[in-house]
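# A closer look at the structure
Here is how the chains run, residue by residue.
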Amino acid sequence: MVLLLLIPLSGISQTRLTLNECRDLSRENFPKMKQVEVLNKIAELKNRNTQSNYLPQIDLKGQATYQSDVIEINLPIPNFSFDPVSKDQYKMYLDVKQTIWDGGMTKSKKELELAGLESDVQKLEIEIQQVYTMVDAYFFGNLMADNNLKVLQAQQAVLESQIQKLGSAISLGAAREKEKLKLEMENLLMDQKMMALSSQKRSFLEMLGILTGQSLDENTNLIVPENLNKQTEQLRPELKYFNLQTLELNSGDKLLKATRNPLFFGFGQAGYGKPGFNMLSNEFAPYYIVGLGLNWRVIDWKNSQRNREINIQNRAMIATLQNDFLQKQALQKVDAAEKINNLKELIQTDEKMVIGRKAIAESASAELLNGIITSTDYLIDLNAQTVAQINLEMHKIQLIQAIVNYNSILGY
């Protein structure tokens, strides 16, 4: 994970947030994350339905019929006669069926449903990565705007001091009013630049506030990440999702295999009807029957085989998607690593340029007061120092962002 300085939020008038805290808040505020609770509830209900396969099935049935013909016995037996069977017949009965062994279908179905739940939840983990990317962009955008604003404020203080010194020189006749006016116009231009940066900073905070569900304003202080190092271990949620999809297909294979096993069950029927099991009786009578049954589909016309082949093709498709993802990730890693190296080199050059530009600007300040150069020449040197300082601070923030981005590519 990104190593950040963790600062407690309670008891502080100014809100202080780290990047990790912003990510955590955006995760809690991400609307789709509420689907996890719904998915778990659905999975629980499905599991209960599946588990009920081993509970007895009890049906209450009844019927009344009238048939066109019945059994007749016309045998000449002395002193004995058969009453004709009634054509109207009635029965009400309970039909009970109890699964003894279903070939492992219930177990396999539960495994498949669990694998499906894990895949669905993992999809949300992939989507949250896109939210983290936006959080990072607004977070570092705010940091860069804030740093540039501080550089301009520092340079404005230098400029205002120079205006005061030039005013004293004018009163002594050592400088012209025109030179002071040029510096004052540059000071107004700096005001405009700082207003634009303040507006940009507020915009980044507002967008970050929408993602995190927090009310962020100018009093919000975003903490610069520290002690960052490039990670090496892969934690990308996409890779876990590919593995879960494969496991789901494996569970599907188990279920297909279970459907080819025989099903053993016990059954029973108890009822009251006319006739009972004595078909020659015209009286209402109770009856029952119990027994064991076997159900085995010997031939399914290769349906299971074709479904397993479909799973094989789906595995091949998943492998293709995974290889495509790994290839793109490798390209991103190379680009991100090169950007980190480039920024480190730029920072080294920036530091030298800041030192040099500062010395030049200080020398130009003295020359302006002595009337050796014009205010235009001085502003060129002062602006060059400002640009050098802004570049240094910007590249420092960009380096931190580049390392965070590199780690994000790995899943951190």
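The sections below set out a description of the structure shown in this document. Keep in mind that this is a model prediction, so the values were computed, not measured.

### Describing the overall build of the protein
Along its length, the protein carries seven helices and six strands. Along the protein, helices and strands appear, N-terminal first, in the series β-α-α-β-β-α-α-β-α-β-β-α-α. For 412 residues, the compact-globule estimate of 2.2 N^0.38 gives 22 Å, and the protein exceeds it by more than 25% at 41 Å. Based on the C-alpha atoms only, the size of the protein along its principal axes is roughly 160 × 40 × 35 Å. Within the protein, the fraction of its 412 residues that count as buried is 38%. Partitioning the intrachain contacts of the protein with sequence separation of at least 6 by distance along the chain shows that 82% fall at a separation of at least 24. By element, 56% of the accessible surface of the protein is carried by carbon and sulfur atoms, the whole surface being about 24,900 Å². Placing the 45 positive and 48 negative side-chain charges of the protein at their respective mean positions leaves the two points 5 Å apart.

### What to know about the nonpolar core
Val-135, Phe-139, Phe-140, Leu-208 and Leu-222 are the most contacted members of the largest nonpolar core, which has 44 residues in total. Broken down by secondary-structure element, the contributors of at least two residues to this core are helix 1 (19-29), helix 2 (35-51), helix 3 (105-171), helix 4 (177-212), helix 6 (303-369) and helix 7 (375-410). Once you skip the residues sitting within four places of it in the chain, Leu-208 turns out to touch Cys-22, Val-135, Tyr-138, Phe-139, Leu-216 and Leu-222.

Rules and cut-offs
- Residues numbered from 1 in each chain as written.
- Predicted model: local features only at pLDDT ≥ 70, side-chain atom pairs only at ≥ 80, totals over all residues.
- Heavy atoms only, no water.
- Helix = DSSP H or I, 4+ residues; strand = E, 2+ residues; numbered from the N terminus.
- Rg over C-alpha atoms; globule rule 2.2 N^0.38 Å.
- Buried < 20%, exposed > 50% of the residue type's maximum accessible area, 1.4 Å probe, protein only.
- Contact = heavy atoms within 4.5 Å.
- Areas by Shrake-Rupley, 256 points an atom, 1.4 Å probe, with all protein chains shown as cover.
- Lys, Arg positive; Asp, Glu negative; His and termini not counted.
- Charge placed at Lys NZ, Arg CZ, Asp CG, Glu CD.
- Core = buried A, V, L, I, M, F, W, Y, C linked by side-chain atoms within 4.5 Å.

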